[in-house]
Every structure is written in structure tokens, then in C-alpha cells.
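# Structural features, examined
One-letter residues, chain by chain:
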There are 6 protein chains.
Amino acid sequence: MTRIDGRKAGELRPVQMDTEYLIHPEGSVLITVGQTKVICTATIEEKVPPFLRGQGKGWVTAEYSMLPRATNSRNRRESSQGKVGGRTMEIQRLIGRALRAVVDLEKLGERTLWIDCDVIQADGGTRTASITGAFVAMTMAIGELDLPAFPVTDFLAATSVGIDEEIGAILDLNYVEDSTAEVDMNLVMTGAGHFVELQGTGEEATFSRAQLNELLDLGEAGISQLIEMQKQVLGKIALRVGEEVNSNL
Amino acid sequence: MTRIDGRKAGELRPVQMDTEYLIHPEGSVLITVGQTKVICTATIEEKVPPFLRGQGKGWVTAEYSMLPRATNSRNRRESSQGKVGGRTMEIQRLIGRALRAVVDLEKLGERTLWIDCDVIQADGGTRTASITGAFVAMTMAIGELDLPAFPVTDFLAATSVGIDEEIGAILDLNYVEDSTAEVDMNLVMTGAGHFVELQGTGEEATFSRAQLNELLDLGEAGISQLIEMQKQVLGKIALRVGEEVNSNL
Amino acid sequence: MTRIDGRKAGELRPVQMDTEYLIHPEGSVLITVGQTKVICTATIEEKVPPFLRGQGKGWVTAEYSMLPRATNSRNRRESSQGKVGGRTMEIQRLIGRALRAVVDLEKLGERTLWIDCDVIQADGGTRTASITGAFVAMTMAIGELDLPAFPVTDFLAATSVGIDEEIGAILDLNYVEDSTAEVDMNLVMTGAGHFVELQGTGEEATFSRAQLNELLDLGEAGISQLIEMQKQVLGKIALRVGEEVNSNL
Amino acid sequence: MTRIDGRKAGELRPVQMDTEYLIHPEGSVLITVGQTKVICTATIEEKVPPFLRGQGKGWVTAEYSMLPRATNSRNRRESSQGKVGGRTMEIQRLIGRALRAVVDLEKLGERTLWIDCDVIQADGGTRTASITGAFVAMTMAIGELDLPAFPVTDFLAATSVGIDEEIGAILDLNYVEDSTAEVDMNLVMTGAGHFVELQGTGEEATFSRAQLNELLDLGEAGISQLIEMQKQVLGKIALRVGEEVNSNL
Amino acid sequence: MTRIDGRKAGELRPVQMDTEYLIHPEGSVLITVGQTKVICTATIEEKVPPFLRGQGKGWVTAEYSMLPRATNSRNRRESSQGKVGGRTMEIQRLIGRALRAVVDLEKLGERTLWIDCDVIQADGGTRTASITGAFVAMTMAIGELDLPAFPVTDFLAATSVGIDEEIGAILDLNYVEDSTAEVDMNLVMTGAGHFVELQGTGEEATFSRAQLNELLDLGEAGISQLIEMQKQVLGKIALRVGEEVNSNL
Amino acid sequence: MTRIDGRKAGELRPVQMDTEYLIHPEGSVLITVGQTKVICTATIEEKVPPFLRGQGKGWVTAEYSMLPRATNSRNRRESSQGKVGGRTMEIQRLIGRALRAVVDLEKLGERTLWIDCDVIQADGGTRTASITGAFVAMTMAIGELDLPAFPVTDFLAATSVGIDEEIGAILDLNYVEDSTAEVDMNLVMTGAGHFVELQGTGEEATFSRAQLNELLDLGEAGISQLIEMQKQVLGKIALRVGEEVNSNL
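As a starting point, this report considers the structure included with it. None of the values given here were measured: they were computed from a predicted structure. (Residues numbered from 1 in each chain as written. Chains lettered and ligands numbered in written order. Predicted model: local features only at pLDDT ≥ 70, side-chain atom pairs only at ≥ 80, totals over all residues. Heavy atoms only, no water.)

Our next topic: the sheet that holds strand β4 (residues 59-66) of chain A. All names here are of chain A. Strand order in the open sheet formed by 5 strands is β1-β2-β3-β5-β4, with mixed pairing between adjacent strands. Two strands bound the open sheet, and with one partner strand each, they are β1 (15-19) and β4. Strand-to-strand twist in this sheet, taken as the mean axis angle between neighbours without regard to direction, amounts to 20°. Sheet strands in contact with helix α2 (residues 86-100) are β4 and β5 (112-121), and its direction is about 145° off that of β4. (Pairing = 2+ DSSP bridges. Helix = DSSP H or I, 4+ residues; strand = E, 2+ residues; numbered from the N terminus. Axes fitted to C-alpha atoms, helices over the stretch in contact; angles between N-to-C directions. Contact = heavy atoms within 4.5 Å.)

Below, the structure written as C-alpha cells:
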């Protein structure tokens, strides 16, 4: 049985990463995953939030938003609602936390990396596409800093997996699949194959340990392909990722 | 090597659930897990949110808050900040989603269950204690409704697991353990031993698949003990949980 | 003619004050007045608001809130409404002002006392119970400071009085009495029997000077009983209240 | 010993009420009390708030504000702060409550009276001037309605009294007196000499029952003069105030 | 064909400017244009906003508001809506920008002029009346500063022009004319006859270049009359406006 | 003397309009004017705002926003500031008003057109590019409706003109030119060469009538070129614009 868009259960959608997409930011990427498109930018600010001042450490923080017509029906702007919604907050906290897992904040020095992920078009998987794209934008911006020790300690990418009632475990769900899946899980992993985040939810459903293991197998394979693509678009700068770690081996 | 409070790696803190703690709500519980204390109440409202009207289905939603001095240093009230923070939103979305996984919304009928979890005293694990307590308050409130078919399809409880640098995988982390753990994972599971939510985070750290399996083993055992306690405090009403499911076997 | 709960016109409801109710705050009390229950905590912060900086004086400020199901029907959280309501503001301004009347801010030194009154269960008289309980929590927290001169200059307690259409003047109104009373008055008084606050309101009614005098007589007697209870729960620390004043006589 | 502006202890400041001050509102007055100037308007809306619908009763509600330079130093607009402050809320709740005490809401019928009190220039006593002026604007607007039974049951005016350290009890405090007074009390009374509101505060001070009685004597005399002035500016319409009450005698 | 209030096409409404209208502000004016009345005040603050600090330059900023019953039906206060509306923001940005065009910010020195325009009664043209009045209040406040070089470089006034379907181009529209005009234009000009702001809008209509020229002719003539009146009320201080400019000729 | 980017005084920057840029909206365009890039979308909602209900007329409204790194330094999101700023409000009101001037709201019927203009990259002229692009997106969305009478009555485009100290009047200012121009004017005009909006501002400068005429000449020429490009990208649908008007000639 094949998926709605003809993919196999363990197949990613076509992925593209257009780097230096905008002229102003220190790092920028337009990441396309199927019909999902996200502009990821990285901004370097030469100061840190109050709770970190004077500790010689940096910070990485992220914001996430959708254009009103990124979605099939228009969603109201959070600015005109006067507040940032719960889903947005959850996603931007996730992106920031995930990126910090592969940045050595001491090597970064007292500066803040602002990551902005703006969804131009949504078709499922916007938060995982944001993480995969944000890693590229961030790494390029850090490359511009020309620091003595490169603060990015490993590659980082994310994808979704889920359980379709008929097909079973599937990789990289589009919007229709996501809406009908019984279980939805987001995985963030490193180049070394370790977990950074694992968020599985069975909204109005549950899943067994055996199903969990199937989902993890699919996710690991998908993320390892995404990291290969990141290495290609990053080119030379990819060589610097994790170099400090390797040099200490 | 023992834990800071003398527990074994796989040992829960002392748990207590005082039901009918307040006079006004349809269901209420004061749940105590070690030094963590949460008042959970359930309110029945005879209408549903706009997106569900006229569909013959009910809804379960949750709110979570902390008293200013639930914590060691005073935390500012969200009401005087004029907005609900990201952490609060994330937690209350989690509680609502988790409970809905074990409620048959059609059997509930067109009514909303408002779950309020107010942390009186915090010492780690407030979100998982909230879920475990909220299940009890909700089930008691539903019991009051005297519906023909009982809408609660299974038991539900939650706990945390994590990795301590020296001890390894541990169950039910208190605040000090939570602050120093390399990996922190919250598990929500059913009486049948299935997962409802699985949220693992390695803030500034990562974890391997083998470590994940260790964490899941500890968590499963802990949750099964919590569900035993729920059965005891619920008494007769516990017999009705999942009865429709069983009757269909 | 007797009152709805069998009390005499001038009789207080049963009162209980559980001190050291929480582990984190510098002072804490659970005050119970009939079915009304309020958690009062006192927090010491070693700085003052901007308008007082550098003057060698301290400050006392209060916040008040109700849990959503402290009341018979659920009241919406002020945090999710994004603002603090008029009634809440009025009450917390009253609590802070009342406490400041018995604190020598110079002896307190450049620090702020944050008083939090959180109503767990409401059955009338939550603002006066908050003041009576807050005085105890505050005095205990100040006791911890071990200051050379004790800044609390007198005892302080509060109660309500009102006029029932049939019974006439009554003391310490519960919710039902409060809802039907023609006149409602809150009194805050000191151990010396002086007024600190006097707020009488005849919503859709008025009252004469003779009625006012009756109300004041009842209130004075009630407050003097509450202060006796405060002395008992405060134990040794009660001896220090007002000692500077006495030493100057 | 005389007061700072040469008045005797029991003397009001010069009072003026310019009616029909604005062309648009149903009732309007510019009330001047010494240097304090407040524009009071009354608006009639032909519907009631949700909690009163279908009960055949009306409602009276008030809003209060100050121009930024009503005061000696500029105060920031509440609109640009994004919220109404605690002091403002307290005052507007007081004004509405006071007016409702002399309006028969059933005779008013299902309509809302919006009272707006905007302080153009402040020199102490803005809330009591607002009440005195609002009564006039409201009564004129109600007069326009030409109702079969006149809903205003009595006159209503307000003033302040206080205790000056050197002079003792004084009437109608200006800003300088208010800032230095040990005790500050606002009184709202009816034409019949009954109390509607009584709010006495000893910020950082207390007062005895004997002092309270002195303050009440001064206040009663002042309010009775204010009501005489209201009768004059209201002219013919004054005759209708309380006529239903009198007709029932 | 004459206008609704009997004026000729190119005739201003009666204008009055009452200076020193309030006791507290450094400069104040009540400007009356027909039935439109605006209180304009100027406040001098001895500091500048962050973006100007340390540059030896001052700043001029404006706020605009309407009393709820300035208009025919009551408009809701922006403070109780919790935000400043788009129309208000547009107007206050316009007032500030216009005034800054005739103030030499370096001669002003590191201080901020806060201009407040509060509409007491509205009958069309409130924004242009605000500018004309604000110029007077500002110039008087600056006069109080007694600076070595007078920072006001020219006079400034504003009016509206529009196209009436039957009469054609008209000057200084009242509310009824404004509501029915096909084109509405606000003009801000200097004593030298130069433009500072020109805002023409054909809501649901358009206008040709020939019509534009007619409108500009009317507006120029009207503004020059307004500036004559400003000179009269400013008296001696009018002589200082632009003196630096003239001295450099 | 040539401009900073080599253009002549009356030369537009290169303009491109990519239609059907997104898959979800009823109409969408990415408009590029030099380095300025704006995504314009049009959404059709089958209802109107409350003030228009039941009148058989439609509505056109617009929202405008910038991505945080559309600009050279990161600008804070309005959603996280909790409010929409004054500049944004001014711009979105302008866009909506301008579009309504060329839409016959009765022919549109009871539906709302939501126009969203999101600036992806900014280099001056974002509001005028938004209007020019929004016209295209709107017209395409209306084309989809297949209405009996086409509601778009004329073409509409916008550009900026200004006065450079050295070069004099210039057309279509980029960011650097805009920052240094003495006078800045935005023009919105129709295919018939009539004005819809004219907003000229001399921040800290003024301009004469002769200069105004020069600016208008440049602007007219530029807008007529923009409208030619609109006709090309709209293709067949361009033929329907204004057809009702023509058929009535």
C-alpha cells in the first residue's frame, strides 16, 4: 500500500536548501520539504540576556511564525491578537533548545544567536523543517564570526514519524497524513546518531513499545539523510563542525 | 550509590491523594509527591467550545499555574505580567491532550471538563503530578454525571525519568535531581501499559537508544504503581473505568 | 432569630491558623475562617521599588488571587484574561496599605516584603481573612530577619460586619449573608483598638449614623478575638510586636 | 490656626457646576471645586450588560480618567500603558456603586447609564468632585428620558475629610493637605443624611473612634451644602428627585 | 450654493485660542474651531528618549486622545480596550512630525517636549485644530525656558480642505461635511507658506490634478489666517519665532 | 549627477511580479522592486465585518508586516511585543483604503477580501510595493470568483518620490535615498491618472508648491509604467478591469 503522494513508508519528501536567500542576515536559508517552505535566518547580537551576563557564555534563542496564508485557510496574525499562542511558544522553545544541544556556548562567547523561522508555506512538518534549516543558517552565521574554536559540536536535523492506521509507521508526514495519523512523533538527532529531543503524542490514541521502536528506526534513517544534505550545502564550513571534538579524541 | 534523598534509582517518592479536598468543585484532589503538592480540580460546564458545537461530542481542557511561593524564590504572577508564559502553555496543553487520550468524547456528550492544576508547593515533577492527580479529579467529576456509558476508557498516570551523571537512569526526579540531570523525560502511560506522551529532552546533552530503553523500563514500572494508588482512592468508581472497553472484548 | 449557620449576631466563625504551612516561603500560614481558606505567604526581597531607593526605608506590598474553583462556579483566571481585574486590585491595595500601617518601614531597612494571599476556598470574607493571615505570615518572616529593632509596631486583624434585613447588625458574614446584606463593611483594626481602614458600602441601600455605631461595636469585639488568636500562634514572636513602642513609653 | 489656603477647618472650597457644558452628551457638567475641575457626562445606552438582560432593570456604570497634565507632573496615559491602573479602577467602581444607591434600576428600565468623569485639572478630591458632578449629569440625562416614574430616589454628593497633625479634623482637603494628612476619609451621603459609602484610611497612621466621630460631623455638614448647590443647578428637575418616595409617604 | 452652516466655500469657522487654560502645564491652550474644542498642553521633560541620548539634541513628541463623549455617540476609551487604535497612532505621529519641522532640536538642547492634545468636543478637523493649538502651547512652554537661541524656526498651522459633490472645493470641513466629502485633505504649512505635510485621500473616490490645485489654493489662504491669530495670542513671544533664521539673512 | 545606484532621477528600479507564488491563497504575488521583496496574498472570506452586515456590500482590508530580518538590523516581532506598532497600522490602513478606491463593494457582494503584505526583504518603498503587488493579488482572487459584474473599476499602483539635496526630485527611492531625502512623498494613482492617496512629508524640512509639482510629474510617469507591468502579468483578467465602467460610457 502506498502513501497519498506515492512515497514509500520510509521515504522523505524532496528537500532543498537555498542558502544566502536574503541579503541582510548573517546566515539565511530557504528550506523546502515537499510543499513546506520555511525561511530560516540567523542574527548575531553582541550581547547576552541578563541571566548570562558576565559569564563568558553565549546564548541561542529562536522565534517561529507563520504567514497568515501559509495555511489552507487564513490564520490570524499573532501580532493582531496581541499575544503569542501556545503552539508557537512550544515550537520556538523546542527549536532553541535543540540548537543549544550542539553549540558550545563558551566557545561562542558573550553573544546571542537569534534564529528566526518564518513559514512561508505549510504542508506538515514545519517545526522539523525549521530545525533542519535553522541549523544551516546558524552554522553559516557562526562561520562568519571566524572564532578561534568552532562552537558547533555536531550536526543536527529533525523529522517527523507517525503511525497511519492502514500503512503503519511512516516517515516525514505531510499535512494530510499528519491530520489522520494516530500517533505523531518529532525526532531531533545529531550527526552521531544520538537523540536531542523525542516528542511522541497519541492524541486520542496510544502506542506500544514495539510501535515506538519501529518509529525510531524510520526516524534515524531519515535524519541521517537530512544531515548528508546539510553537509553538502554547508560545503567547507561543514568540515569545521565538531572539529574541536574530534581533535580531542 | 544512593540518591540525594536516599531513594533507590527506580523508587518513587511517597505519594498521597486526598480526594474531595475542596467543597465547591465537582471533583478535587490534593496530590502530594514527595514535597510537590498540587490541587487538581475538575469542573463540568454544560457547553462545548465553538469548534465542537452541534457534534454531540465533549471536550477536556486544562489550565496549570503555580502560586508565587510554590518555589524557592518567588516567581511573578502571570496575571500581573499580563500573559501566560511559554512553559505554562506547554504544560497545560500537555495535560489536556493526555487526558483526552483516555476519554471517549462522544460518551461524554456536549459538555466541557475544565481541569485546573494549581501547584501549591513545587519540588520537581509538577507536570506529571498534575496529570496523575487530574485523572483522579476528572474521573470523580465524571462519576457525578451518572452517564449511561462511562466515558473514561483507561487509567492514566505520569512520571519523570532522567539520567544522572553518576547514578545513571533514575525515576521520579525531585527538583535538585531535575536541575542536574543530563536528560529529562516525561512519560504519560495508560493502565494497559501504552504510551500517551513521551517527551525526552537532552538540554545541552544527548542520549543514545540504549539509554532511552533504560529510561522507559523505569518509567513503566513507576507508572504502574501510581495507577494502583489511583484505583485505591477512586474506590467503586475505578470499576467503571474502561468497562465499556471490557464489555466489548 | 438566629443566623443561617446557627451563629449569634456577634459571633465569629471558627478560625484556625496553620503556620509554616509551606516549606519555601520565609513566613506562611493557612488561615481558615469557616469555609474560607487562604494561603498567606511572606517573601523577603533585599531591595526596594525605584521610588524608595537610597532612603533607608523598606516597603510592604501585597498580591491577592483566587483559584478558579475557590468559588461555587468556576471563575476565569486573570492570567488567561491578560489583566488583573478591578476587584483584585482594590483588595491587594487594601492588604498592602493595612499592613504598612503597623510596620515601621525605617526599622525594616531597604527590603521589600511581598505578601501573597491565595484563596483556596471562598465562603465570604476572603479579604479580611487575607489581612488577618497576612499579618501572621509577615510577622514570622520579619522574625527570621533578626533585626536589632523589631519593625512591627502593633497587631492587626480584620473582619466584616453588615446589616441583615431581619437580624440587624451581624459579625463576620459568610457568602450567603454577604450576598443578601443591605450594608457591608470591612474593618481593619490594631491591637490598641484603633482603626486602620473602614470601608462601608450600602450597595443599593444606605445606612444611618446609629447603624454605623452598632456595626463598629460588633467589629471591635470580633477583631479583638482575632488578635488573641494571632498572639497564640505567633508564640514568642508576639512578645516582640510593639516592643519598641512600649520601650519608649 | 488656619489652613494653607486660609479656610476654616470646616469650610468647603468654592464650588461651581456648569451644566450643559458639552453639546453631544445627554447630560454634562463641568464641576469646579477649588482648583479641581472635572468634566462629568452621562450617556444613555438602550441596552444592559449581559448579566441583566431580560430582567426589566437598568444599570449605571462609571469610568474615570485624568488628562496627562491634570497633575503637576505629567502622568502617563493608561491607554499607552495598555491597562487601567488600580487606583483608577477603585475610583470608577466607587462612582458607579455610589450612584446606583440612589437610582431605582427598575424604574430606569432596560438601559445603561454610562457616566464619564474626566479630570481636566487636579488639586485633591477628584473622586468626590466626580461623584457630586456625576449626580448632576446623570439626573439631567434621566430627565431627558421623560419616564413615567422618576428613577432618582434621593440626592447624592461626596466630599473628603481628614486629620491634619496640627489643625485636627478638616473638610474638603486640597492636594497639599491630602498629601500630609494622617487620615483620609471619603464620604458619600444622600439628601436624607444617610451614608452610602464611607472609606477611611490611615496610611501609616491609625485613628480612634472619637476622631472618627469628629470627621463624620464635618463631612455631614459639607455634603449638605453641596446638595443645596445641586438643587439650584438642577432647577425644576430637582423637584422630581425622590418624588416617588415622597408620594409613598 | 452655500454650505450647511452658511459659510462660503473658502471660509474658516470661528476660531478661538484661550492660552494658560490650565495651571499645571508649562504651556496650555484651549483651541476652539467651530464646535471642535481641544485642550493642548506642552510639558518639558529634562531628558531625551534613549535613541537621542548624548547627542545634544532635543525631541518633540505628541499624544492625542478624545474624551468618550467628545463625539455624538460614546466612543470606548482606549485605556479600557488596552491599546491605542490605528487612527489615534496615525494622528499623534502626524502632530509630532509636524511640530518637529519648525523646531531646531539642537537649540532645544537635551530635553523632550511632550505635547498632549485632548479633544473635549469633536465636530470635524480635530487633528488640524490639534496642530494649530499645539504650536501655541509648545511655543509658550519653550518661551518659559529662556534659551539663548529660540528654537522655533517658523509658525505652523493646519487645516482641512475637501471636495463636496455639489459645491466643489471647500475649506475647514465640519463633521457633516467631512462625512460626505468625496476627497479629504489635511494640510500643514509654515508661516513662510511652505508645506510640511500634505495628506489627501479619496476614500472610494479619486481626484484630478486640477482639483488638487484648487484644494491647495483654499488651504494656503486658510492657514495664513490661522497663523495671524497665533501671532496675536502669542504676543511678545511671537517676535522670537524664527528670529535666528532672520538674523542669519 | 547620478543616483547612488546609477539610476536617472526619473527611473524606476527593476520590477518583477511572480504570480501564483504560493499554493494556498486565492491570489498571490511576490513583488520585487530593486532589493525590496514583498509577498502579497489575497484571501476571500464569505462574510463581512459587523458594521456592514446585511447591506449587500463587501469589504477590503489589509495587513502588513515585516520579517525580523527583512531589515539590516533585526527588528523585534510585533507579536512578541504584544501589539501592532503605529507605523504598521498607518501602512495597513493606507493599503486597505487605497484598494477600496478601485473596488465596487456592491459588485463584490457580502464578502471580505483580506490582503496580506509580508515584507521578506526591505530596501525602501515597502508600502508602495505592497500596494502595487496587492492590486495584482486581489484582482486575481476576484477573478477566481467569477462574478457577473467585475468589481475592479480601474488599475492601481503606487510609488514614492522625494527631494534629494543635491539631485533634486527623484523617483522610487531606495533605503539609503529615503533616509537622506529632505522630502518624502507616497503617491497612489489609478490607470486613469487620478490620485487616490497623496502623502507628502518634510520631516525636519519643508517644500514649496513648485517642488510639489515636480514631484507629482515624476510620480505620474512612474505609476503609469507600473500599471503597464500589472496589465502584462494579469493577462486576460486585465481585460475585465474597469469593463463595467467602459460599458457605461
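Here the narrative resumes, following the displayed structure.
Another point: the packing of helix α4 (residues 126-145) of chain C against helix α6 (residues 209-234) of chain C. Residue and element names in this part refer to chain C. Look at α4 against α6: their axes get within 11 Å of each other, and the N-to-C directions meet at 30°. The orientation of α4 with respect to α6, classified from their angle, is roughly parallel. Crossing hand, α4 versus α6: right-handed. For the pair α4 and α6, contact is made by T132, F135, V136, T139 and M140 and by L226, Q230, V233 and L234, respectively. When the residues that make up the contact of α4 with α6 are grouped by side-chain class, the tally is 6 nonpolar, 3 polar and no charged. (Parallel < 35°, antiparallel > 145°, perpendicular 65-115°, else oblique. Left-handed = near helix turned anticlockwise from the far one by under 90°. Nonpolar A, V, L, I, M, F, W, Y, C, P; charged D, E, K, R; others polar.)

Our focus in this paragraph is the environment of P25(E). Along the polypeptide, P25(E) turns up in the loop between β1 (15-19) and β2 (27-33). When near neighbours in sequence (up to four residues on either side) are disregarded, P25(E) contacts R69(D), T41(E) and A42(E).

Note on the chain copies: they are related by a rotation about an axis and a translation along it. You can overlay chain D on chain C at an RMSD of 0.0 Å; the transform is a turn of 180° with a shift of 0.0 Å along its axis. Such a combination of turn and shift is consistent with a two-fold rotation axis. Across chain D, the smallest distance between a C-alpha and the rotation axis is recorded for Q199(D), namely 2.2 Å. Comparing interface residues between copies, 100% of those in chain D also sit at the interface in chain C, which points to an isologous, same-surface contact. (Least-squares fit on C-alpha atoms with pLDDT ≥ 70 in both.)

Turning next to the state of the cysteines. Residues and elements named next belong to chain D. With the rule as written, the count across this model stands at 0 disulfides over all chains. Of all cysteine sulfurs in the structure, the one in C117 sits closest to C40, which takes part in no disulfide; the separation is 4.1 Å. For C40, a relative accessible area of 0% puts it in the buried group. (Disulfide = S-S within 2.5 Å. Buried < 20%, exposed > 50% of the residue type's maximum accessible area, 1.4 Å probe, protein only.)

This part covers the relation of the copies chain B and chain A. With an axial shift of 0.0 Å and an RMSD of 0.0 Å, the rotation relating chain B to chain A amounts to 180°. When the interface residues of chain B are mapped onto chain A, 100% of them again fall at the interface, so both copies present the same face.

The next thing to look at is the side chain of S160(A). Residue and element names in this part refer to chain A. For S160, the position within the fold is in strand β6 (residues 156-164). Residue classification places S160 among the buried residues on the basis of a relative accessible area of 4%. Of note is the side chain of S160, whose polar atom sits 3.2 Å from the backbone nitrogen of L173. Residues contacting S160, with those up to four places away along its chain left out, are T128, I170, L171, D172, L173, D184, M185 and N186. (Polar contact = N/O pair within 3.5 Å; in protein donor to acceptor, adjacent residues only side chain to side chain.)

For the rest of this paragraph, the subject is the side chain of R100(C). Tracing the backbone through its elements, the reader meets R100(C) in helix α2 (residues 86-100). Residues contacting R100(C), with those up to four places away along its chain left out, are W59(C), V60(C), E203(D) and E204(D).

Moving on to the environment of G143(B). Tracing the backbone shows G143(B) in helix α4 (residues 126-145). With residues up to four places along the chain from it excluded, the contact list for G143(B) reads F150(B) and I237(B).

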